[in-house]
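Geometric and topological summary
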Amino acid sequence: QEIHGSTEDLKPYQRKRLQQLFRRTINGKQLVSPELAEHLAEISFDLKRQVGVLVERNGKIAWVVLGTAQRIYLPDIGRNRGAITRFRGLRYIHTHLQNEPLKEDDFTDLVLLRFDAVIAINVSSIGKPITCHWAYLSHDAKETHPYQVIQVRSVYDFTGQELDIIRDAEKSFSETFRDSKNIESQ
């Protein structure tokens, strides 16, 4: 289980905290758990760098990624579940240090990598998670972009319905693709 990103300048305890992320899991009904958000915020604050994880649908952390203060560069995650009719089965959860919404890079990752969701956790000046922004692919979105963006006041304010929203969006994508294929073949 490798930490992706520039890790050469990490102190041993910092590397250990990042490695410990692989042992965490998220309850299957949560988009992101408050405990994971708090842990990511603390690590990010300590390192003064963005930290991200890619979480499988079963809640297991599959990738840990370390970025710079402004940006994270995702590693090549392969073509697993990369079909146009399905989402990838991964949600991308990461920190932002400048108290900002999702950035263009986040939306690009969401669309091109077909993540289930992208979640940005803003980190306060004392290392605590504050507001969150999350986005998911949606046919109901505006024509200018194929996603919906939702702001959450706190990591404690997630409703528990977020994963149902994502499942419904994936089902809609699959049905739309199937319907368009049927029209083309007629």
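Computed from a predicted model, the values in this text were never measured in an experiment.

Another aspect to go through is the environment of I150. Mapped onto the elements, I150 comes out in strand β7 (residues 147-152). Residue class for I150 comes out partly exposed when judged on its relative accessible area of 29%. If we skip the residues at most four places from it in the chain, I150 touches C132, H133, W134 and Y136.

What follows concerns unusual backbone geometry. Even without being glycine, K48 reaches a positive phi, approximately 60°. By the secondary structure assignment, K48 is in the loop between α2 (34-47) and β2 (51-56). Non-glycine residue R114 carries a positive phi angle of around 55°. Of the residues examined, R114 reaches a relative accessible area of 12% and is grouped as buried.

To continue, consider the packing of aromatic side chains. Centre distance and the angle of the planes are the two values used to describe a pair of aromatic rings. Scanning the entire structure with this criterion turns up 3 aromatic pairs. When the ring of Y92 is compared with that of F115, the centres are 5.7 Å apart and the planes differ by 40°; the resulting orientation is tilted. Placement of the pair is Y92 in strand β4 (residues 90-96) and F115 in the loop between α3 (104-113) and β5 (117-123), with a sequence separation of 23 residues. For the residue pair Y92 and F115, the accessibility class agrees, reading buried in each case.

Our next topic: the sheet that holds β2. Note on sheets: strands pair through backbone hydrogen bonds, and any given pair is parallel or antiparallel. The strand order across the open sheet built from 7 strands is β1-β3-β2-β4-β5-β6-β7, with neighbouring strands paired in mixed fashion. Whereas interior strands pair on both sides, the edge strands pair on one side only; in this sheet they are β1 (3-4) and β7. With 2 bridges joining them, β1 and strand β3 (residues 61-66) adopt parallel strand pairing. Opposite H4, over in β3, you have V65 as the bridge partner. Contacts between α3 and the sheet are confined to β4, β5, β6 (129-137) and β7, with β6 contributing the most and set at about 40° to the helix.

Let's shift gears to the side chain of D106. Following the sequence through the fold, D106 ends up in helix α3. Of the buried charged residues, D106 lacks a salt bridge, with K103 as the closest side chain of opposite charge at 6.3 Å. Once residues within four sequence positions are removed from consideration, D106 is found in contact with Y92, H94, H96 and V118.

Attention shifts here to empty space enclosed by the protein. The final tally for this structure, using the stated rule, is 1 cavity of 30 Å³ or more. Taken as a whole, the largest cavity holds about 80 Å³ of empty space. Mapped by element, the contributors of at least two residues to the lining of the largest cavity are β4 and α3. Classifying every residue of the lining of the largest cavity gives 2 nonpolar, 4 polar and 5 charged.

Right, let's talk about the nonpolar core for a bit. Looking at soluble globular proteins, one finds that nonpolar side chains tend to be buried together. Counting residues in each nonpolar core, the largest one holds 49 residues, and the members touching the most others are L18, L21, L36, V53, I93, I121 and W134. Not counting the four nearest positions on each side in its chain, L18 is found in contact with I3, L10, I43, L47, V51, V64 and L66.

What follows covers the packing of helix α1 (residues 12-20) against α2. Relative orientation of the contacting elements α1 and α2 amounts to 155°, with a least axis distance of 11 Å. Classified by the angle their axes make, α1 and α2 are roughly antiparallel. Judged by the sense of rotation from one axis to the other, the crossing of α1 with α2 is left-handed. Along its contact with α1, which presents Y13, Q14, R17 and L18, the element α2 presents H39, E42, I43, D46 and L47. Among the residues forming the contact of α1 with α2, the class breakdown is 4 nonpolar, 2 polar and 3 charged.

What follows covers the pattern of salt bridges. Enumeration over the complete set of coordinates arrives at 8 salt bridges. Here E42 and R17 are joined by a salt bridge, their closest N and O atoms 3.3 Å apart. Of this pair, E42 sits in helix α2 while R17 sits in helix α1, and the two are 25 residues apart along the sequence. Between R57 and E170 there is a salt bridge, and its shortest N-O distance comes to 3.1 Å. On the criterion of sequence distance, the pair formed by R57 in the loop between β2 and β3 and E170 in helix α4 (residues 162-185) is long-range, its members being 113 residues apart. You can call R57 partly exposed: its relative accessible area is 35%. If you follow the salt bridges from partner to partner, you end up with R57, D116 and E170 in one network.

Rules and cut-offs
- The written sequence of each chain sets the order in which its residues are numbered from 1.
- For this predicted model, a pLDDT threshold of at least 70 governs which residues receive local features, and a threshold of 80 or more governs which side-chain atom pairs are given and counted, while totals over whole chains, interfaces and linings are taken from all residues.
- Only hydrogens and water are set aside when side-chain values are computed; all heavy atoms of the structure are taken into account.
- For the purposes of this entry, the term helix denotes a DSSP run of H or I that reaches at least four residues, the term strand denotes a run of E that reaches at least two, and both are numbered from the N terminus.
- Accessibility here uses a 1.4 Å probe with only protein chains present; expressed as a share of the type maximum, an area under 20% marks a residue as buried, one over 50% as exposed, and anything in between as partly exposed.
- We call two residues contacting when some pair of their heavy atoms lies within 4.5 Å.
- Centres within 6.5 Å make a pair out of two Phe, Tyr or Trp rings, where for Trp the six-membered ring is used; the pair is then stacked when the planes are under 30 degrees apart, edge-to-face when over 60, and tilted otherwise.
- What makes two strands pair is DSSP finding at least two bridges between them.
- Axis angles are defined between N-to-C directions and span 0 to 180 degrees, where every axis is a line fitted to C-alpha atoms and, for a helix, only to the segment in contact.
- Note that His is not counted, nor are the chain ends; the positive residues are Lys and Arg, and the negative ones are Asp and Glu.
- Salt bridge, as used here, is a side-chain nitrogen of Lys or Arg placed within 4 Å of a carboxyl oxygen of Asp or Glu.
- Each cavity reported here is a set of points on a 1 Å grid over the protein atoms alone in which a 1.4 Å probe fits but cannot get out, each pocket an open set with protein on both sides within 12 Å along at least five of seven lines, and each lining residue one with an atom within 4 Å of a point.
- Grid points are joined across faces, edges and corners, and a volume is the space filled by probe spheres set on the points.
- Side-chain classes are defined by residue name, with Ala, Val, Leu, Ile, Met, Phe, Trp, Tyr, Cys and Pro counting as nonpolar, Asp, Glu, Lys and Arg as charged, and the others, Gly among them, as polar.
- Residues belong to a common nonpolar core when they are buried Ala, Val, Leu, Ile, Met, Phe, Trp, Tyr or Cys residues joined through side-chain atoms within 4.5 Å.
- Throughout this description, any angle smaller than 35 degrees is read as roughly parallel, any larger than 145 degrees as roughly antiparallel, any in the 65 to 115 degree range as roughly perpendicular, and the remainder as oblique.
- Left-handed is the label given to a crossing in which the near helix is rotated counterclockwise from the far helix by less than a right angle, and right-handed is the label when the rotation is clockwise.

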